[in-house]
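Architecture and fold: a report
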Amino acid sequence: MLAVDRRTWLSILAEAWRVYPEEACGVLVARPGIDQPIVRFEPVANAAASSRVFTLDPKGFMKAERRADDDGLEVVGVVHSHTHTAAYPSPTDVAEATTPLVPPTWHWAIVSLAWGFPELRSFRVTPGEGDVDTLAGIAEERVVLS
Ligand SMILES: [Zn+2]
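Quick notes on the rules
Residues numbered from 1 in each chain as written. Predicted model: local features only at pLDDT ≥ 70, side-chain atom pairs only at ≥ 80, totals over all residues. Heavy atoms only, no water. Pairing = 2+ DSSP bridges. Helix = DSSP H or I, 4+ residues; strand = E, 2+ residues; numbered from the N terminus. Axes fitted to C-alpha atoms, helices over the stretch in contact; angles between N-to-C directions. Contact = heavy atoms within 4.5 Å. Donors = N, O, S within 2.8 Å, 3.2 Å for Na, K, Ca; no water. Tetrahedral: all angles 85-135°; square planar, octahedral: opposite > 155°, others 65-115°. Buried < 20%, exposed > 50% of the residue type's maximum accessible area, 1.4 Å probe, protein only. Core = buried A, V, L, I, M, F, W, Y, C linked by side-chain atoms within 4.5 Å. Salt bridge = Lys/Arg side-chain N within 4 Å of Asp/Glu carboxyl O. Expected span 1.5 Å × (residues − 1).

1. Topic: the sheet that holds strand β7 (residues 138-141)
As summarised here, the arrangement of the 6 strands in space is β3-β2-β4-β5-β6-β7, forming an open sheet in which the pairing is mixed. Of all the strands in the sheet, the pair left with one neighbour each is β3 (38-44) and β7. Going across the sheet, the axis of each strand differs from the next one's by a mean of 30°, ignoring polarity. Bridge analysis of strand β5 (residues 107-112) against strand β6 (residues 119-125) gives 5 bridges, and the strand direction is antiparallel. Bridged to Ile110 within β6 is Arg121. The sheet contacts of helix α1 (residues 6-19) involve β2 (25-30), β3, β4 (74-82), β5 and β6, and relative to β3 the element is tilted by about 10°. Against the sheet, helix α2 (residues 58-70) contacts β2, β3 and β4, and its axis sits at roughly 155° relative to β3.

Rendered as structure tokens:
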């Protein structure tokens with residue numbers, strides 16, 4: 001379950017529209033533990049500067065991680081926008097999500113701006129069980145907006 005309050009949701013949306021039509025990205029920060037409510041969204045530059053893929057800028061990611069650490073929090077997931085497609089992981093996303101660098105506990109949240117209203121969905125990706133073609137190993141989780 002991904003629990004997001006309105007302020008966090010609005011900051012995700014603001015970043016998604018700010019860099020539109022490129023994909024926006026950033027990280028979700030929460031208290032340590034399973035399914036803790038998200039405390040904040042930290043925008044991170046998309047090093048790929050693309051409307052089709054995203055790469056978290058390594059320096060920006062490290063800064064966000066350090067800030068979380070300083071506050072006794074941790075990075076628990078990543079958010080990126082899809083500007084022209086639905087809020088489901090693309091094959092590229094699945095490949096990224098199953099690299100050893102990504103903790104399997106991470107929320108993999110996607111906001112789609114492809115239609116008239118934004119849509120937020122979140123997924124858990126299980127490495128080793130993933131099949132890029134069938135998207136097996138990708139489980140959608142409930143998103144709770146408060
Ligand atoms: Zn994507």
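2. Here's the deal with the coordination of the zinc ion
Here the zinc ion is held by His80 (NE2), His82 (NE2), Asp93 (OD) and Asp93 (OD), and the distances to it run 2.0 to 2.6 Å. For the zinc ion, the 4 donor atoms are set out with angles of 55 to 158° between them, so the coordination reads as irregular. Site description for the zinc ion: donor spacing in sequence, H-x1-H-x10-D. Grouping residues by exposure puts His80 and His82 together as buried.

3. Observations regarding the nonpolar core
By size, the foremost hydrophobic cluster in this structure holds 22 residues, and its most contacted members are Val27, Leu56 and Trp108. For this core, the secondary structure elements donating two or more residues are β2, α2, β4, α3 (91-97), β5 and β6. Among residues more than four places away in sequence, those in contact with Leu56 are Cys25, Gly26, Val27, Val44, Ala45, Phe61 and Val78.

4. Notes on the environment of His107
One can find His107 in strand β5. Once the C-alpha coordinates of His107 and Pro89 are considered, the two residues, 18 residues apart in sequence, prove to be 12 Å apart. With near-sequence residues (within four places) excluded, His107 lies in contact with Met1, Leu2, Leu28, Asp35, Ile38, Val76, Gly77, Val78, Ser122, Phe123, Arg124 and Glu141.

5. Structural notes on the pattern of salt bridges
In the structure shown here, the tally under the stated rule is 9 salt bridges. A salt bridge links Glu15 to Arg18, with the nearest nitrogen and oxygen atoms 2.9 Å apart. Of this pair, Glu15 and Arg18 both sit in helix α1, 3 residues apart, which is roughly one turn of that helix. The exposed category is assigned to Arg18, whose relative accessible area is 60%. In this structure, Glu42 engages Arg67 in a salt bridge whose closest nitrogen and oxygen atoms are separated by 2.7 Å.

6. Some words on the pairing of β3
Extensive coverage of β3 is indicated by the burial of 5 of its 7 residues. Looking at chain direction, β2 and β3 are connected through 6 bridges and run antiparallel. Within the sheet, the bridge partner assigned to Leu28 lies in β3 and is Phe41.

7. Some details on α2
Under the 1.5 Å per step criterion, the end-to-end length of α2 is 18 Å for 13 residues, consistent within 8% with the ideal 18 Å. Buried-residue contacts for α2 involve β2, β3 and β4. Positive phi shows up at Gly72, right after α2, with a value of about 70°.

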